[in-house]
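What the coordinates show
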Amino acid sequence: MEFNHKSVLFDEAIDSLNIDSNKIIADGTAGGGGHSREIAKRAKKLIAIDQDPDAIKVLTERLGCFDNVIIVQNNFENIKSIVSENSPEGIDGLLLDLGVSSFQLDNGERGFSYHKDAPLDMRMSKSGLSAADVVNTYTEDELSEILFRYGEEKFARRIAKNIVEARADKPVETTFELVELIKKAYPNKAMRDSHPARKTFQAIRIEVNAELERLGKTLDDAIECLNPGGRISVITFHSLEDRIVKETFARWANPCTCPKEFPVCVCGKKPLGKMPFKSKAPTEAELKDNPRARSSRLRCFEKF
């Protein structure tokens, strides 16, 4: 099975984990094994996690030569139980590479891409709520809210209206059917800026996979699994994800809840750690080689 994926911010992410031969690292989004393979070379043990059954097959093939790797099919939101079962002593690092892999985008059958005609699916785990369910059962107001909140789509209301009107005749079943409804909502001038379906597809994918809901909880659970000196590194691909990570790390670094006018802290809440750097973006060289990396950001937190 071909599972080609260019790991974004590859060197920066690996270096941020500060790996050595005594450390246990979890890759919560192992995907095609790009980051995982390099981690396995350096770490005492790697827990490679992915919810996508296609990814698990590929990971089994590509990481089979390592005797220090445990492959787990699960969602990273269950990090506490995954660590408890596979590393009771805790972990020394966690990597989350969020968003959709190149394999998922390029595999037309999965319905993630607006460039390929396919059934509306977008399920990373291949189970549960699908994009077709969202498009064909959510109310017009619900669709509009999702497109605006998760896609920051300024034509959300028009798109939602077009979807509801179209599905009254027949269900919207394919990616290209949805793309055409989106295009009808866009003024000609706005069509020149970027593909009109980009924001809508992002929003529906986030809703289908509950990506933002899971992220905050995962981070708070992960810090409990992390040993002192351990690091959590997260690669995000849009502002909503990045905001959650940024605000969570800031809260951990400065948890004080005292009013600003208090001269000293009396709440007693101590910092959980520090941020080794503010954030890192891809280099011009990486963007030239992999345009999909353009919106990515890497953030890191080290536990005291």
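Structure's up top.
Let me begin by describing the structure that accompanies this report.

Analysis parameters
Residues numbered from 1 in each chain as written. Predicted model: local features only at pLDDT ≥ 70, side-chain atom pairs only at ≥ 80, totals over all residues. Heavy atoms only, no water. Helix = DSSP H or I, 4+ residues; strand = E, 2+ residues; numbered from the N terminus. Rg over C-alpha atoms; globule rule 2.2 N^0.38 Å. Buried < 20%, exposed > 50% of the residue type's maximum accessible area, 1.4 Å probe, protein only. Contact = heavy atoms within 4.5 Å. Areas by Shrake-Rupley, 256 points an atom, 1.4 Å probe, with all protein chains shown as cover. Lys, Arg positive; Asp, Glu negative; His and termini not counted. Charge placed at Lys NZ, Arg CZ, Asp CG, Glu CD. Pairing = 2+ DSSP bridges. Axes fitted to C-alpha atoms, helices over the stretch in contact; angles between N-to-C directions. Phe/Tyr/Trp six-rings, centres within 6.5 Å; stacked < 30°, edge-to-face > 60°. Lys NZ or Arg CZ within 6 Å of the ring centre and 35° of its normal. Core = buried A, V, L, I, M, F, W, Y, C linked by side-chain atoms within 4.5 Å. Patch = residues over 30% accessible without salt bridge, like charges linked within 9 Å, V, L, I, M, F, W, Y side chains within 5 Å. Salt bridge = Lys/Arg side-chain N within 4 Å of Asp/Glu carboxyl O. Polar contact = N/O pair within 3.5 Å; in protein donor to acceptor, adjacent residues only side chain to side chain.

Some words on the overall build of the protein
Within the protein, the secondary structure is distributed over 13 helices and seven strands. Relative to the compact-globule value of 19 Å for 304 residues, the protein shows a C-alpha radius of gyration of 21 Å, a close match. Reported as C-alpha extents along the three principal axes, the dimensions of the protein are approximately 60 × 60 × 40 Å. Taking all 304 residues of the protein together, the buried fraction comes to 53%. Taking the intrachain contacts of the protein between residues at least 6 apart in sequence as the baseline, contacts between residues at least 24 apart amount to 65%. Entry remark: accessible area of the protein is about 14,700 Å², with carbon and sulfur atoms responsible for 49%. Here the protein contributes 46 positive and 48 negative side-chain charges, whose respective centroids are spaced 5 Å apart.

Notes on the side chain of His238
Along the chain, the position of His238 falls in the loop between strand E5 (226-236) and helix H12 (239-253). The exposure class assigned to His238 is buried, which follows from its relative accessible area of 11%. Setting aside its immediate chain neighbours within four residues, His238 contacts Gln202, Arg205, Ile206 and Leu212.

Some thoughts on the side chain of Asp52
For Asp52, the position within the fold is in the loop between strand E2 (45-50) and helix H3 (53-62). Classification of Asp52 as buried rests on a relative accessible area of 1%. Setting aside chain neighbours within four positions, we find Asp52 in contact with Gln104, Arg110 and Met124.

Thoughts on the sheet that holds strand E3 (residues 69-73)
Read from one edge of the open sheet, seven strands run E3-E2-E1-E4-E5-E7-E6, paired in mixed fashion. Looking at strand neighbours, the two that pair on one side only are E3 and strand E6 (273-274), the edges of this open sheet. This element, helix H11 (residues 211-225), spans strand E4 (91-97), E5 and strand E7 (297-303) of the sheet and lies at about 155° to E5. Running at roughly 20° to E7, H12 makes contact with E5, E6 and E7 of the sheet.

Comments concerning the packing of aromatic side chains
Scanning the entire structure with this criterion turns up five aromatic pairs. Taken together, a centroid distance of 5.6 Å and an interplanar angle of 85° make the contact between Tyr114 and Phe201 edge-to-face. Taken together, the residues Tyr114 in the loop between helix H5 (102-106) and helix H6 (131-137) and Phe201 in helix H10 (residues 198-209) connect sequence positions 87 residues apart. Residue Phe201 is classed as buried on the basis of its relative accessible area, which comes to 3%. Aromatic ring contacts, followed pair by pair, group Phe249, Trp252 and Phe301 into a single cluster. Across the ring face of Phe277, the terminal group of Lys280 is positioned such that the distance to the ring centre comes to 4.5 Å.

Comments concerning the nonpolar core
Side chains of nonpolar character tend, in soluble globular proteins, to be buried together. The biggest cluster of nonpolar side chains holds 36 residues, and the ones touching the most others in it are Leu120, Ile159, Leu178, Phe201 and Ile204. Only H6, helix H7 (140-151), helix H8 (156-167), helix H9 (175-185) and H10 provide two or more residues apiece to this core. Filtering out sequence-adjacent residues up to four positions away, Leu120 remains in contact with Ser130, Ala131, Ala132, Val135, Val172, Glu173, Thr174, Thr175 and Leu178.

What about a nonpolar patch on the surface?
On the surface, a cluster of nonpolar side chains totalling about 290 Å² of accessible area is made up of Phe262, Val264 and Val266. Along the polypeptide, Phe262 turns up in the loop between H12 and E6.

What to know about the pattern of salt bridges
Summed over the entire model, instances satisfying the criterion amount to 17 salt bridges. The closest approach of N and O atoms between Glu145 and Arg149, which form a salt bridge, is 3.1 Å. Here the residue Glu145 and the residue Arg149 both occupy positions in helix H7, the gap between them amounting to four residues, near one helical turn. You can call Glu145 partly exposed: its relative accessible area is 38%. Take Arg149: its relative accessible area is 39%, and that puts it in the partly exposed class. With a shortest N-O distance of 2.8 Å, Asp221 and Lys217 are connected by a salt bridge. Placement of both Asp221 and Lys217 in helix H11 is noted, with a separation of four residues, approximately one turn of the helix. We classify Asp221 as buried; its relative accessible area is 13%. Bridged by salt links that share partners, the residues Asp52, Asp54, Arg110 and Lys126 form one connected network.

Regarding the environment of Arg167
With respect to the helices and strands, the residue Arg167 is situated in helix H8. Considered as a pair, Arg167 and His195 are 28 residues apart in the sequence and their alpha carbons are 23 Å apart. Those residues in contact with Arg167 that sit more than four places away from it in its chain are Val135, Asn136, Thr137, Tyr138, Thr139, Leu143 and Val172. A distance of 2.7 Å separates a polar atom in the side chain of Arg167 from the backbone oxygen of Tyr138.

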